[in-house]
Structures are given as structure tokens and as C-alpha cells.
Amino acid sequence: MTIATEHHEEHHPDLRVWGLLTFLISESLMFGGFFATYLFFRGITEVWPPEGTEVELFLPAINTIILVSSSFVIHLGDVAIKKNNVWGMRFWYLVTAIMGAVFLGGQVYEYMNLGYGLTTNVFANCFYIMTGFHGLHVFIGILLILGVVWRSRRPGHYSATKHTGIEMAEIYWHFVDIIWIVLFTLVYILTYKPA
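These numbers come from a predicted model, not from an experiment. (Residues numbered from 1 in each chain as written. Predicted model: local features only at pLDDT ≥ 70, side-chain atom pairs only at ≥ 80, totals over all residues. Heavy atoms only, no water.)

## Considering the confidence of the model for the protein chain
Interpretation of the predicted coordinates at a detailed level should be avoided for regions scoring low in pLDDT.
Next, step 1: Averaged over the protein chain, the pLDDT score is 91; the fraction of residues at 70 or greater is 93%.
Next, step 2: Segment residues 1–8: pLDDT under 50, and 2 contacts once partners within four positions in sequence are set aside and those in other chains are kept. (pLDDT = per-residue confidence, 0-100. Contact = heavy atoms within 4.5 Å.)

Structural data, given as C-alpha cells:
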């Protein structure tokens, strides 16, 4: 490799980040389609949600606090690696993965206690598709985070000057949190009817 080639590579944009951003834009459009469909059906349906498909707010609110807090926790891992603290990054990323797993556990518990299924009515269908698809994204995020922790075992793989993989996992996790905030607002807060 010549010096000219090395110099050229230093100024070449990291296409991995652009790839991630392109993927997240496409996922945003997909979720946007889900949200638009949900709002459309809500607008043309007299009673929303239909009888027998009410939503609870307590557990999803706790889940929301856990998931949104995990965005701050994962950022601590990014801060740690920028100080060359690989152990700190691992710790905060593992805490984030645990928080994500707790979120998924809460979602599974909620599904098991709702009393209605995917095909009960249009509300239930929208509810399960949107929350389930988001849950899939949380699961993928946990795998990404664990992948970062696994790769950090190799000395020098991540450092203060070499941390693109860490930042990409963090960006993805923030995306998952932002989508959940919109989903929680639409499906839970705006739909909730106190008993």
C-alpha cells in the first residue's frame, strides 16, 4: 500500500454508517406505514379500540421507562470507549442488553395477559403487528449489542480512535427507542380509557 493510497483511505467516508442510515430510513418508512394505517382505521372506526380489546397502561409505561433509560445507558458505553475504556463499554453495553431483554420479557407478559389475539379485530391486528415488529427490532438490537461486546474481546478491536461498530449499535438502539416512543404514544396513551 502506498502513502498516496493510505492518504486517500483516511478521507474516504465510512460507507457502513451510510448503509445503516439508509436501512434506518427504510425501516422508518415501514413503521410510518404502520402508524398511518393505524390512524386510518382509528379514524373510520366508531369505537376505538373495539369492545374487548382495551389496553393497559401500567406495564407498558414501566417498559417505556426501561427502554428509554437504556438509550442513556448505551451512550455511557460510547463515552467509555472514547476514553479507551473497553471494560466500561462492555459493562454499559451488557446493562443495555439486559434492559432490552427485560423490555421484551414485559412485552411477552403483556401478550399473555391481554385476552385477545392477532385476529380478534382490526385494532388487535394493528396492535400485535406494530408492537411485535418493534419487539423484533429490539431483539435484533440486543444481538447487535452482544456482537459488539463479543468482538471487543480481541485486543485493540475497539479504541478511542476505532469505534464505528459501537456507534452503529448505539444509533440503531436510539432508533428503536424513538420508534417505541411514537408507538407508545399512539397505541397506549391516545387509546387508553380508564376503567
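## Considering the environment of Phe 31
Next, step 1: Tracing the chain through its elements places Phe 31 in helix H2 (residues 15–44).
Next, step 2: Assessed through its relative accessible area of 1%, Phe 31 is described here as buried.
Next, step 3: C-alpha separation for the pair Phe 31 and Met 130, spaced 99 residues apart in sequence, amounts to 7.6 Å.
Next, step 4: Setting aside chain neighbours within four positions, we find Phe 31 in contact with Met 130, Phe 133, His 134, His 137, Phe 175 and Ile 179. (Helix = DSSP H or I, 4+ residues; strand = E, 2+ residues; numbered from the N terminus. Buried < 20%, exposed > 50% of the residue type's maximum accessible area, 1.4 Å probe, protein only.)

## Brief notes about the layout of surface pockets
Next, step 1: In this model, the largest pocket occupies a volume close to 240 Å³.
Next, step 2: Taken together, Arg 16, Val 148, Arg 151, His 157, Tyr 158, Thr 161, Lys 162, His 163, Thr 164, Gly 165 and Met 168 make up the lining of the largest pocket.
Next, step 3: For the lining of the largest pocket, the secondary structure elements donating two or more residues are helix H5 (122–151) and helix H6 (164–189).
Next, step 4: Grouping the constituent residues of the lining of the largest pocket by class yields 3 nonpolar, 5 polar and 3 charged.
Next, step 5: Estimates place the volume of the second largest pocket at around 170 Å³.
Next, step 6: Every residue lining the second largest pocket is listed: Gly 52, Thr 53, Glu 54, Val 55, Glu 56, Leu 59, Pro 60, Tyr 109, Glu 110, Asn 113, Leu 114 and Tyr 116. (1 Å grid on protein atoms, 1.4 Å probe; cavity = no way out; pocket = protein on both sides within 12 Å on 5 of 7 lines; lining within 4 Å. Points joined across faces, edges and corners; volume = space filled by probe spheres on them. Nonpolar A, V, L, I, M, F, W, Y, C, P; charged D, E, K, R; others polar.)

## Quick look at the pattern of salt bridges
Oppositely charged side chains can pair when the atoms bearing their charge come close.
Next, step 1: All told, the structure shown has 2 salt bridges when counted by the stated rule.
Next, step 2: With a closest N to O distance of 3.0 Å, Asp 78 and Lys 82 form a salt bridge.
Next, step 3: With relative accessibility at 3%, the residue Asp 78 sits in the buried group.
Next, step 4: Glu 167 serves as the salt-bridge partner of Lys 82, at 3.0 Å between the closest nitrogen and oxygen. Of the two residues, Lys 82 is situated in the loop between helix H3 (58–81) and helix H4 (86–112) and Glu 167 in helix H6; the sequence distance between them amounts to 85 residues.
Next, step 5: On the basis of relative accessibility, which here comes to 27%, the residue Glu 167 falls in the partly exposed class.
Next, step 6: Each of Asp 78, Lys 82 and Glu 167 takes part in salt bridges that share partners, so that together they form one network. (Salt bridge = Lys/Arg side-chain N within 4 Å of Asp/Glu carboxyl O.)

## Some words on the packing of aromatic side chains
Next, step 1: Summed over all chains, the structure comprises 23 aromatic pairs.
Next, step 2: An angle of 85° between the planes, with centres 5.4 Å apart, marks the rings of Phe 127 and Tyr 128 as edge-to-face. Both residues of the pair, Phe 127 and Tyr 128, count as buried.
Next, step 3: Members of the aromatic cluster, each reached through a chain of ring pairs, are Tyr 38, Trp 48, Phe 103, Tyr 111, Tyr 116, Phe 123, Phe 127, Tyr 128, Trp 180, Phe 184 and Tyr 188.
Next, step 4: Positioned over the ring face of Trp 87 is Arg 90, at 4.5 Å from the centre of the ring.
Next, step 5: In this arrangement the basic side chain of Arg 153 is found over the ring face of Trp 150, its NZ or CZ atom lying 3.6 Å from the centre. (Phe/Tyr/Trp six-rings, centres within 6.5 Å; stacked < 30°, edge-to-face > 60°. Lys NZ or Arg CZ within 6 Å of the ring centre and 35° of its normal.)

## Description of the nonpolar core
Grouped burial of nonpolar side chains is what soluble globular proteins tend to show.
Next, step 1: Grouped together as the largest cluster of nonpolar side chains are 44 residues, with contacts concentrated most on Tyr 38, Met 89, Tyr 93, Tyr 116, Phe 127, Val 187 and Tyr 188.
Next, step 2: Mapped by element, the contributors of at least two residues to this core are H2, H3, H4, H5 and H6.
Next, step 3: Counting residues per element, this core draws most heavily on H6, at 14 residues.
Next, step 4: Setting aside chain neighbours within four positions, we find Phe 127 in contact with Val 55, Glu 110, Tyr 111, Leu 114, Tyr 116, Gly 132, Val 187 and Tyr 188. (Core = buried A, V, L, I, M, F, W, Y, C linked by side-chain atoms within 4.5 Å.)

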